[in-house]
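# Descriptive structure summary
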Amino acid sequence: MFRTRFAPSPTGYMHIGNLRTALYAYLIAKKAGGIFILRIEDTDQNRNVPSSVQAIYHGLALAGIVYDEGPDKDGGHGPYIQSQRLPIYKTYAEKLLASGDAYLCFCGKSDKPAQEQTGERVQGYRDPCRNLSGKEVEEKLAERILPVVRQRIPDSGSSSYFDHVYGTITIENSQLDDQVLLKSDGYPTYNFANVVDDHLMEISHVIRGQEYLSSTPKYNLLYQAFGWQQPEYIHLPHIIKEDGSKLSKRKGDPSFEDLVGMGYLPSAIVNYVALLGWNPGDDREIFMLEDLAQVFDMDRINKSSAAFSFDKLLWLNGEHIRLLSEEAFHALALKYYPESVRHIDLTRISQLIHPRLEKLTDIPVMVSFMAELPAYDVALFENQKSRSTLDSSRKVLKETLPLLESLAEWSNETLFETLKAYAQEQGLKLGTVMWPIRTALSGLPSTPGGATELADLLGRQKTLLRLHTGLVKLQAAE
RNA sequence: GCCCCUAUUGUCUAGUGGUUAGGACGCAGCCCUUUCAAGGCUAAAACCAGGGUUCGAAUCCCUGUAGGGGCACCA
């Protein structure tokens, strides 16, 4: 049985890397018909941001990632919040103490090797307390010094493990520190809580960032000390920016929720992020979450870090928008329409912008001309491709105006037929007729929809008025 | 400083000894077209460097270079 978990610490918001880790963990479980678990790692009392647990719930919900077990979904392996599991860690720490795989350390924080002072890093740290006699320990305890529990790393030898992404990793034990397992405040460190919980929650595959690659042997030593079976490992490469630097909230890089606020569809973001470091092995690029759960393969995850490209996300977002049904799109678009445009047929506007929209937040700019004609230059009536000149435009506007004024039925079809007939009769290119009309109606070089679609949408009165305005402008330029 | 990892077009990537090095985004051009999108077609664009191994290396090995990560009573 596959059991994976997403184990964020509630320190802020759901950034892109977090989203992908959660997504991959979810996909690996779901592909195998397994269980996906949410566990909150809040063992650092200084860094906890209470509201960010909500951000995690919200982010997962937004992405469509549903966990099978979690703080509010007991699957018999709870509690799923580490701060509620303190007695458990204590029990297991005592086992290690008893077996000699851990020891009590009474050093104050300032007794540590002077890393800060010298700027030199010390690896393979061996604390003097590891050799304290039973009697010495008793004495320290009697002095009421609060100890920490440290892991006893073997002095020699090396540890290897297999990672699904990076292959076999080998680290010399001498490179590993005698890590603190239990802090003096009674809270476990990540190193310890993670191992204990992963075992107790029967996690089969550990999916996490690549920063744990070289500390994983320490965790494996812990598994061995307990006589537990090690999980399989999937370490993920980092997501970076196109300039090679890392994503950071402080530098203004958006979180998952920020991106949604910027007009990107959650499904598109999920799709994009899935492709950052993984590919299906064929040319498919458009995936919904359900599709990913079918085809995802952890052995196809890449080793090197991937740069986040807004260009590609934008394209993918357009693809996802176009995948939406007319109704679904309209429902989403609704809240982006500015007040000024709400008297117009919004359903019809949605139909026009749907195939041309790249992100939802572009809607206001795209439609605002419908409410109010922007100021534009006569030069806009000149267009080489449609063979439009100031003269031709003036003629077209002047001659089609009465035609449209007397049109019996005002619809896209009748408008189009009328103008097409006019073009044929005059021996003009259709574009030469449509260009000045579209221009006069919008005052823009490009619009969602052509001349007759806009005329239909704006209605007879507004159309004739704008056409008039255009004609006046052209006559003034004569 | 020590250790670990990575390296194919601007970006995401395919590729596991023999390919005209494939696809996608972006970029440029053309077609389609009632403007713009979408769609179709075309173009430019890459194997970090140097040594090996081999009849033959993007692919295997070594060295270098560059980038990233780890070495906390943070996760």
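Coordinates for the structure precede this section.
Let us now look at the protein's contact with RNA strand B. With respect to spatial proximity, 69 residues lie near RNA strand B, and among them Lys183, Glu285, Phe416, Ala451 and Thr452 are the closest. Expressed as a percentage, the sugar and phosphate content of the atoms of RNA strand B within 4 Å of the protein is 71%. Asn302 is positioned with one of its side-chain polar atoms (N or O) 3.2 Å from a phosphate oxygen of RNA strand B. Contact between RNA strand B and Thr452: a base oxygen at 2.4 Å from a side-chain N or O atom of the residue. Of all the secondary-structure elements, those providing two or more residues to the surface near RNA strand B are strand 4 (148–151), strand 6 (167–172), helix 6 (190–200), strand 11 (306–307), helix 11 (310–323), helix 16 (412–426), helix 17 (430–442) and helix 18 (451–458). In terms of residues, the surface near RNA strand B owes the most to one element, helix 11, which gives 5 residues.

Scanning the entire structure with this criterion turns up 20 salt bridges. Residues Asp197 and Arg39 are paired through a salt bridge, measuring 3.9 Å at the closest nitrogen-oxygen approach. Placement of the pair is Asp197 in helix 6 and Arg39 in the loop between strand 2 (35–38) and helix 2 (52–63), with a sequence separation of 158 residues. Judged by relative accessible area, which is 0%, Arg39 ranks as buried. Three or more residues are tied together by salt bridges with common partners; here these are Arg5, Arg39, Glu41, Arg85, Asp197 and Asp198.

The side-chain alternation of strand 5 (residues 158–163) yields one buried face, formed by Ser159, Tyr161 and Asp163, and one unburied face, formed by Ser158, Ser160 and Phe162. Where strand 5 and strand 6 come together, 6 bridges link them in antiparallel fashion. Looking at strand 6, one finds that Ser158 is bridged to Glu172. Between the antiparallel neighbours strand 5 and strand 6 lie 3 residues.

Further remarks concern the packing of aromatic side chains. Counted under the stated rule, the structure contains 15 aromatic pairs. Seen in terms of ring centroids, Tyr272 and Phe308 are 5.1 Å apart; in terms of plane orientation they differ by 90°. Their pairing is edge-to-face. Separated by 36 residues along the polypeptide, Tyr272 in helix 9 (residues 266–274) and Phe308 in the loop between strand 11 and helix 11 bring together distant segments of the chain. For the pair Tyr272 and Phe308, one class covers both residues: buried. Ring geometry for Phe308 and Phe310: centres 5.0 Å apart, planes at 65°, overall edge-to-face. Residue Phe308 is classed as buried on the basis of its relative accessible area, which comes to 4%. Grouping aromatic residues by their ring pairs yields a cluster made of Tyr24, Trp278, Phe287 and Phe296. The side chain of Lys249 reaches across the aromatic face of Tyr13, ending 4.6 Å from its centre. Directly above the aromatic system of Trp435 lies the positively charged group of Arg438, at a separation of 5.0 Å from the ring centroid.

Locating Arg152 in the fold gives a position in the loop between strand 4 and strand 5. Discounting residues that sit within four places of it in the chain, Arg152 has contacts with Gly100, Asp101, Ala102, Tyr103, Arg130 and Asp178. Within the structure, the side chain of Arg152 is placed 2.8 Å from the backbone oxygen of Gly100, a separation counted as a polar contact. A distance of 3.0 Å separates the side chain of Arg152 from the backbone oxygen of Arg130, its partner in a polar contact.

The rules behind the values
Residues numbered from 1 in each chain as written. Chains lettered and ligands numbered in written order. Predicted model: local features only at pLDDT ≥ 70, side-chain atom pairs only at ≥ 80, totals over all residues. Heavy atoms only, no water. Near = heavy atom within 4 Å. Polar contact = N/O pair within 3.5 Å; in protein donor to acceptor, adjacent residues only side chain to side chain. Helix = DSSP H or I, 4+ residues; strand = E, 2+ residues; numbered from the N terminus. Salt bridge = Lys/Arg side-chain N within 4 Å of Asp/Glu carboxyl O. Buried < 20%, exposed > 50% of the residue type's maximum accessible area, 1.4 Å probe, protein only. Pairing = 2+ DSSP bridges. Phe/Tyr/Trp six-rings, centres within 6.5 Å; stacked < 30°, edge-to-face > 60°. Lys NZ or Arg CZ within 6 Å of the ring centre and 35° of its normal. Contact = heavy atoms within 4.5 Å.

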